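Examining the three-dimensional arrangement
As a plain string of letters, each chain reads:
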Protein chains: 2
Amino acid sequence: MNDKVMSIGTVCDLTGLTERQIRYYEEKQLIFPVRTKGGARKYSFDDVERVKEINIKLRDGFHTFELRKAGRACGE
Amino acid sequence: MNDKVMSIGTVCDLTGLTERQIRYYEEKQLIFPVRTKGGARKYSFDDVERVKEINIKLRDGFHTFELRKAGRACGE
DNA sequence: CGTGTAAGGAATTCTGACACG
DNA sequence: CGTGTAAGGAATTCTGACACG
């Protein structure tokens, strides 16, 4: 589930979010898709789950910079 | 692993085969990708494994029509 | 039969920017 | 801050065909 295989359009289908939102989360260092030779982003299923979680947290009032370390550590 | 999420280019990367080969296997009813609104094929990880297996069988001398039922039944 | 290729079109994705608030 | 959109370009994929054998 860690294989970066899907393009942003598929992530949109799976999450219901827009390309803009997904690219923004990357810009804010919350997700890290890989790039094809042509420059297209490729995501994993784990990324999809992460994106969903990020969106929920944002709706809950958190800010992107507060979610940056949310992968493991939460203290500080 | 049954989610149809990757485009043909990704399948090529994962299998080392060409788009031509992958499309041909579909034409011969050996794999069944889904289509996006735009007409692009989407494959699952299971499809990737299947494609690899098909290619090996072909190298072993089998013909596409002999691999059609190979999913479950093999008698007859 | 299984696969290569050149051909033209259509759909996808990319970046940087202006906008709102 | 997080997200929407119009803008133009570049990369991806599609189909049908001719080729070889």
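Residues numbered from 1 in each chain as written. Chains lettered and ligands numbered in written order. Predicted model: local features only at pLDDT ≥ 70, side-chain atom pairs only at ≥ 80, totals over all residues. Heavy atoms only, no water.

Per an unreviewed UniProt entry, the recorded name for chain A is MerR family transcriptional regulator, and the organism is Paenibacillus lignilyticus.

Here the focus is the relation of the copies chain A and chain B. Between the two copies, chain A and chain B, the superposition gives an RMSD of 0.0 Å; the rotation angle is 180° and the shift along the axis is 0.0 Å. What the superposition gives is, in effect, a two-fold axis relating one chain to the other. Across chain A, the rotation axis passes nearest the C-alpha of M6 of chain A, at a separation of 2.5 Å. When you check the interface residues of chain A against chain B, 100% turn up at the interface there too, and the contact is symmetric in its surfaces. (Least-squares fit on C-alpha atoms with pLDDT ≥ 70 in both. Contact = heavy atoms within 4.5 Å.)

Side chains bearing opposite charge may pair, as long as their charged atoms lie close to each other. A complete count under the given rule lists 14 salt bridges over all chains for this structure. Between D47 of chain A and K4 of chain A there is a salt bridge, with its nearest N and O atoms 2.7 Å apart. With a gap of 43 residues between them, D47 of chain A in helix α3 (residues 45-59) and K4 of chain A in the segment before α1 (8-15) connect regions that are remote in the sequence. Note that K52 of chain B and E49 of chain B form a salt bridge whose closest N and O atoms lie 3.5 Å from each other. In this pair, K52 of chain B and E49 of chain B both sit in helix α3 (residues 45-59), 3 residues apart, roughly one turn of the helix. When its relative accessible area of 34% is taken as the criterion, K52 of chain B is described as partly exposed. Salt bridges here are not isolated pairs; linked through shared partners, they connect E26, R35 and R41 of chain A. (Salt bridge = Lys/Arg side-chain N within 4 Å of Asp/Glu carboxyl O. Helix = DSSP H or I, 4+ residues; strand = E, 2+ residues; numbered from the N terminus. Buried < 20%, exposed > 50% of the residue type's maximum accessible area, 1.4 Å probe, protein only.)

Glancing now at the protein's contact with DNA strand C. Residues in contact with DNA strand C amount to 21 residues; listed here are only the nearest, R23 and R41 of chain A together with T18, R20 and T64 of chain B. Restricting attention to atoms of DNA strand C within 4 Å of the protein, one finds that 71% of them are sugar or phosphate atoms. Between DNA strand C and R20 of chain B there is a distance of 2.9 Å, counted from a base oxygen to a side-chain nitrogen or oxygen. Those elements that place two or more of their residues in the surface near DNA strand C are α1 and α2 (19-27) of chain A together with α2 (19-27) and α3 of chain B. Of all the elements, α2 of chain B adds the most residues to the surface near DNA strand C, at 4 residues. Partitioning the surface near DNA strand C into residue classes produces 5 nonpolar, 10 polar and 6 charged. (Near = heavy atom within 4 Å. Polar contact = N/O pair within 3.5 Å; in protein donor to acceptor, adjacent residues only side chain to side chain. Nonpolar A, V, L, I, M, F, W, Y, C, P; charged D, E, K, R; others polar.)

Throughout the structure, instances matching the rule amount to 1 aromatic pair over all chains. Arranged with centres 6.3 Å apart and planes meeting at 45°, the rings of F45 of chain A and F45 of chain B form a pair that is tilted. Linking F45 of chain A in helix α3 with F45 of chain B in helix α3, this pair reaches from one chain into another. Both residues of the pair, F45 of chain A and F45 of chain B, belong to the buried class. (Phe/Tyr/Trp six-rings, centres within 6.5 Å; stacked < 30°, edge-to-face > 60°.)

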